[in-house]
Every structure is written in structure tokens, then in C-alpha cells.
Amino acid sequence: MADLKVVANNIRQSIIKQISNAKSGHPGGSLSGVEIMSLLYFEVMNNDPKDPKNPDRDRFVMSKGHASPLLYATLAERGYFGKDELMTFRKINSKLQGHPDMKGVPGVDMSTGSLGQGLSAAIGMAMAARMDKKDYKVYALVGDGELQEGMIWEAVMAAGHYYVDNLVAFIDYNGLQIDGKICDVMGPEPIDKKFEAFNWNVVVVEDGHDMDELREALKKTVFGKPTAIICKTVKGKGVSFMEDQAGWHGSAPNADQTAQALKELEELGGTL
Amino acid sequence: MADMIATRAAYGNALAELGKENENIVVLDADLSKSTNTATFGKEFPKRHFNCGIAEQNMMGIAAGFAATGKIPFASTFAMFGAGRAFEVIRNSIAYPKLNVKIALTHSGLTVGEDGATHQSVEDLSLMRSIPNMVVLCPADGVETKKMVKAAAEYNGPVYLRLGRPNLPVLFDEGYEFEIGKAAQLKEGNDVTIIATGIMTSTAMEAQKTLEAEGISARVINMGTIKPLDEDAVVKAAKETKAIVTAEEHSIIGGLGSAVAEVLVKKEFAPLEMVGINDTFGESGTPDELLEKYGLTAKDIVEAAKKAIARK
């Protein structure tokens, strides 16, 4: 398997290219989840780009659906579809909709985009696995701002109640949302204690961009409880002028900014 | 007196039957399983029945996830909380990805009764009909309910099944063959056509008798499928009887009446009178009191029929 850091860098460049080409999209929250996705798709998940509908595969739900450029970049890097297709992102007649549409895109296991809904679908998939005595796992990536949706807590309660232990939810804890810091807009903290109170196994990852720490966290799943891996991340990670800036939640870089971002990422290579 | 059964009761029985034939059926409820009657299924198949608690949005989302793996989930609660509260989850997580979820909601309309306006869903047909990919069914009796549950399970895609609380007379015999998108003509007639759905089909049959006694020949059509609507049946009725009445236990905005009006205006014009709830909320009362107060009786249909005929 490819060097994960190189994979992550390729994905970051692809995110910038897609959004720049589309002149629209969400770079900040896409860049913050890159290591999580690289690790999942290139090392952890039981998946096969040539057989994307295999009933025994592990599933992934991008609950924070606006990170679609991250999902598409990861799937293309893994070989689910050609990288050329990424240049149709957000364009008319494209399969690569602004938010993921499972109907047309190989590897997209759930349509998402309206925040708060993906985690529930992930629970349904995980419960189905148990009914069918299949041992696949379901992974979800949930935004920290997304935790403000009431439906998330309905889902958290249900997963704990039904002991859905084949579900792992990553919380992309980058601390920012469109209107600013999550703690200023509507603070969800403490996140860990809330999940624990609903009978979840909680693992906190101090650096959500550290593959080793993420890898270790994934070894800490337990019998009888769903697992939440709360990953402290940096919004816009890898592009200096985007890092930790709420303003880059949903804005596309212009030509100069794109060139600058790609130059920085090329220089970083696999060192980030 | 004809046999009586509520569509929600027939639903519970039909689900339990279907559960025996099809292992892929799973049932979700939101703390109303005794009222929606999914408890009947739960008793037979406890491992395939999931109570999601009072959390309708999450229930619809879990149903979507089940469907994404090949299960056939039936998700049930009251129409108000399913079609209303969970509307956007149904739209984005079920209908947009065209997932095979059956949304079977009970206690629709005014006949919820004493619980009052907060529990009386009179907008659900309008809401569900407006969502792309959604099939919308509304049975008139217990037999049709059973046939619709089977048809919904066999159809691959999202279906909304609108069910009610009150006991209804059985109109159809067991040999009735229901097909999604096909209306059933219950009475031939040539002066006016009454197109009814749900509990109002029985009422339309009463109205037909009254009209007949007055020398007016009314055709009665049961429109079990609200979407896709049987446009041919509407066009034929417009051509042959030249006056139409719709009858539904739902707002006149966006439901059966609106659907029929769309066809009449686009394809074959005929005067139309709509019997339904006139853009207002309900209130507490017995079902019969409410039907009377809000204009949903056989007498109201008879008057509407005469008005439509006068407009020819």
C-alpha cells in the first residue's frame, strides 16, 4: 500500500483543485479530515474499488456531507473512479454533486449533505450487519458543528441503547463553523462526556493529523458499545492561509490562492 | 352491518403476515407501536422490530441505513410526526437516494379525534406528494390496506402509506387486485364522478345512494394511489360525466383534490368541487363530530356533486 502521508498530500491537492475548478465548495472541513480518510480507505477498511457494492464490505458515511471534495478525492485516489472526473465536481450533469449522492458515485455508501442525518443511517447499516451476522464495520465522519443538530443526539442515544459496537464515529473536532468558533456559536463541549453518558466508548485523539495516533485509537474499540473517536484537528490543515480560519469553511480559492496552496502542498510532500 | 376494521389494524396484521414470507422486512416505530399496530409484527418477530423511542427523525435515518444494505424497512408513527417532523429526513435521506423505505403512518386526518389539532395531520398527502421519487398510497379499507402493504413491499423505492385510526366498513372483497397507480371504479354513473380516497371512499358510497334516490347517477372511483395518479381514470371521468367531486380527509391544498385539478386543467377540463378541510386546523371532538363540523359527510359530498353538475 502507498505511503499514507503521500496519499494524504495527494488528497489535499485534489481537494484544492476540485474546489478551485468548481469555484465553489468547502475546503476548510475537507482538509481537516484528510488523515482520517487516508487511514480508513488505504489501511483500515475492508473495501475493493472494483467491487464497490460487495455486501460484506465495510461502509463509510460522510455525515458532514459538505466535505464531499475530501470523499471524492479519497475515492478517486483509491481507484473507485478516474481522477479526471474530479474536474466535474459541482458542475452541471456531474455525478459529483455538491453534496454526495450515492445513486451515481461508486464508493459513496450514503447520500448526505443536510447535517445531522448521516449518523442515523450509519446506525441502520450497522444494525443490519448484526441481524445478518456479518462482521463488517460502519465508519462515519461527523463534524463538530454538526453536533448542534438535535437529530445527532437522537442517534447517539439509539446507538448506545442498541449496543451498536460495529459503529465507529470520528468527530472532526476542528473547533470552527461558518459563523466562527463552535464555542461562541453554540458550544457542544464537553463532547467526550456527552457521548460517554449515552453509553459510548470514547477515545480522544490529541492530534487528528497524526496517523499513528489515529491508528492506535482504532484499536481501542470495545465489545458492546459504539465508539466515538474525537479527533482534534485543524480546519484548513496543510494550507497556511486556510489554517484555523472560519472564513475558509465554504469559500473557493482564486487562481493566485490556488497556485499558492498547491505550491505549499507540493513542498510539503509526504512530510506533513 | 358490514365488517369493520381500521386501516392501522389491517396494517399491523398485514405486516405480521408479510414478515413470515420475507425475512428482509424490518419494522421501526417511535413509541407508538400499540397504536400503529406494528406491535403485532414485533410480537412475532422481536428481533426485526426496533423501537426508536420518541425520535422520529432518527427513526427515518436508521430506516434509510437499513434500506441501504438491502433490508425493507417499514417505519411507523403518527402521520403528524412522520410526514411533518421528519419531513426533511424523509426527503434527503430516503427519497433523494431512492432508498427502499416504506413510511407507513397512522392517525392521519381529523379522525384522530379528541387529541386535537396538534395530532391531526391534514397536510401529509401534500407534503409527501411533493417529494420526487415518492409513491403515495391511501387505502379505503382493511382489504385495500393489506393489498397495499404487499404492493409496497414488492415495489423497489420509497412509499408513503397513509393510514387512519377509526374503524371502517370493508368495501373490497378479498379478490380485489390492487396495482400502484390504478384507480378502482366502485360504481358506474354518468352525471358526475366522485373521486375519493381513504375513509372518504365509504362516505362517497353513501353519497352515491342518496344521489341515486334523487335521480342523479354518480360514478364512484376509489383513488388508492395519490401518486402516481391514475390520470386516465380522471380524464375518462371528465369526458364521460363532465363533472367531478373529490373527497379526502385532508386539506384541500395539495392533496387528492389538487392532484385531480392538475389533471383536469392540463388534459380534460371539467368543473371540480373539492370536499376536504378548508385551510384550517382541526380541534378536539369525536371523529363523527369533527367530520360533520369540517364538512366531510355524505351530505357534503351530495351538495358538492349538485354544485359540480350545475356548473356543467
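Residues numbered from 1 in each chain as written. Chains lettered and ligands numbered in written order. Predicted model: local features only at pLDDT ≥ 70, side-chain atom pairs only at ≥ 80, totals over all residues. Heavy atoms only, no water.

Outline the packing of helix α10 (residues 231–241) of chain B against helix α11 (residues 256–266) of chain B, supporting the account with residue identities and numerical values.
All names here are of chain B. Where α10 contacts α11, the axes come no closer than 10 Å and their chain directions differ by 65°. Considering the relative orientation of α10 and α11, their crossing is right-handed. Residues E231, V234, V235 and A238 of α10 form the contact with α11, whose participating residues are V260, V263 and L264. Among the residues making up the contact of α10 with α11, the classes are represented as six nonpolar, no polar and one charged. (Axes fitted to C-alpha atoms, helices over the stretch in contact; angles between N-to-C directions. Helix = DSSP H or I, 4+ residues; strand = E, 2+ residues; numbered from the N terminus. Left-handed = near helix turned anticlockwise from the far one by under 90°. Contact = heavy atoms within 4.5 Å. Nonpolar A, V, L, I, M, F, W, Y, C, P; charged D, E, K, R; others polar.)

Lay out the interface of chain A and chain B with the relevant residues and their values.
Taken together, the contact pairs 25 residues of chain A with 25 residues of chain B. Approximately 2,000 Å² of surface area, both sides summed, lies buried where chain A meets chain B, with 62% of it carried by carbon and sulfur atoms. Our count for the chain A to chain B interface comes out at one salt bridge. K71 of chain B is the partner of D132 of chain A in a salt bridge, and the nearest nitrogen-oxygen pair spans 2.5 Å. Along the contact surface separating chain A from chain B lie nine residue pairs in polar contact (both at pLDDT 80 or more). Counting residues per element, the side of chain A that touches chain B draws most heavily on helix α5 (residues 118–131) of chain A, at eight residues. (Buried area = accessible area lost by both parts, 1.4 Å probe. Salt bridge = Lys/Arg side-chain N within 4 Å of Asp/Glu carboxyl O. Polar contact = N/O pair within 3.5 Å; in protein donor to acceptor, adjacent residues only side chain to side chain.)

Pulling in residues and values, what's your account of the side chain of T7 of chain B?
Structurally, T7 of chain B is set in helix α1 (residues 7–21). Not counting chain neighbours up to four residues away, the residues in contact with T7 of chain B comprise P139, D141, T145, L163, G164, P166 and L168 of chain B.

Account for the environment of M131 of chain A, with residues named and values stated.
Relative to the helices and strands, M131 of chain A resides in helix α5. With sequence-adjacent residues up to four places away left out, M131 of chain A is seen in contact with V26, K47, R48, F50, F66 and K71 of chain B.

Report on the packing of aromatic side chains, specifying residues and quantitative values.
All names here are of chain A. If you walk through the whole model with that rule in mind, you get 13 aromatic pairs over all chains. Taken together, a centroid distance of 5.8 Å and an interplanar angle of 70° make the contact between Y72 and F89 edge-to-face. Pair noted here: Y72 is in helix α4 (residues 68–78) and F89 is in the loop between α4 and α5, with a separation of 17 residues, a long-range link. Note on F89: relative accessible area 0%, which makes it buried. Put simply, the rings of W153, F195, F198 and W200 touch in pairs and so form one group of aromatic residues. Between the NZ or CZ atom of R78 and the centre of the ring of F42, over which it lies, the distance is 5.7 Å. (Phe/Tyr/Trp six-rings, centres within 6.5 Å; stacked < 30°, edge-to-face > 60°. Buried < 20%, exposed > 50% of the residue type's maximum accessible area, 1.4 Å probe, protein only. Lys NZ or Arg CZ within 6 Å of the ring centre and 35° of its normal.)

Tell me about the side chain of E146 of chain A, residues and numbers included.
All names here are of chain A. Topologically, E146 is positioned in the loop between β2 (138–143) and α6 (150–161). Among buried Asp, Glu, Lys and Arg side chains, E146 stands out as unpaired, with K64 the closest opposite charge at 7.5 Å. Leave out the neighbours within four places in its chain, and E146 touches S63, K64, L115, G116, Q117, L141 and I152. (Lys, Arg positive; Asp, Glu negative; His and termini not counted.)

Could you give an account of the sheet that holds strand β11 (residues 218–222) of chain B, with specific residues and numbers?
Residue and element names in this part refer to chain B. Pairing in this open sheet of five strands is mixed, and the strands run β9-β11-β10-β13-β14 from one edge to the other. One side of each edge strand has no neighbouring strand; the edge strands of this open sheet are β9 (184–187) and β14 (272–277). The average angle at which neighbouring strand axes cross in this sheet is 25°, direction not considered. The sheet contact formed by strand β10 (residues 192–196) and β11 spans five bridges and is parallel. Within the sheet, the bridge partner assigned to V192 lies in β11 and is A218. Sheet strands in contact with α11 are β10, β13 (244–251) and β14, and its direction is about 145° off that of β13. (Pairing = 2+ DSSP bridges.)

Requested: an account of the environment of M4 of chain B, with residues and values cited.
Counting through the fold element by element, M4 of chain B comes out in strand β1 (residues 4–6). For M4 of chain B, a relative accessible area of 41% puts it in the partly exposed group.

Got a sec to walk through the pairing of β10 of chain B? Specific residues and values, please.
All names here are of chain B. Among the five residues of β10, five are classified as buried, and the element is accordingly described as predominantly covered. Residues of β10 alternate between two faces, with V192, I194 and A196 on one and T193 and I195 on the opposite face, all of them buried. As paired strands, β10 and β13 are joined by four bridges and run parallel to one another. In the sheet register, I194 faces β13, and the bridge partner there is V245.

Account for the state of the cysteines, naming residues and giving values.
Residues and elements named next belong to chain A. Scanning the model with the defined rule gives zero disulfides over all chains in all. Of the cysteine sulfurs around C183, a residue in no disulfide, the closest is that of C231, at 19 Å. You can call C183 partly exposed: its relative accessible area is 46%. (Disulfide = S-S within 2.5 Å.)

A description of the pattern of salt bridges should follow, citing residues and the corresponding values.
On inspection of all chains with the given rule, the structure shows 26 salt bridges over all chains. One salt bridge in this structure joins D56 of chain A and K134 of chain A, with 2.7 Å as the shortest N-O distance. Taken together, the positions of D56 of chain A in the loop between α3 (34–44) and β1 (59–62) and K134 of chain A in the loop between α5 and β2 put the pair 78 residues apart, joining distant regions of the chain. One salt-bridge network, held together by shared partners, links E188, R219, K236 and E240 of chain B.

Could you give an account of the confidence of the model for chain B, naming the residues involved and the relevant values?
Model confidence for chain B is summarised by a mean pLDDT of 97, while 99% of its residues fall at 70 or above. Across the assembled chains, the prediction reports ipTM 0.96 with pTM 0.97. (pLDDT = per-residue confidence, 0-100.)

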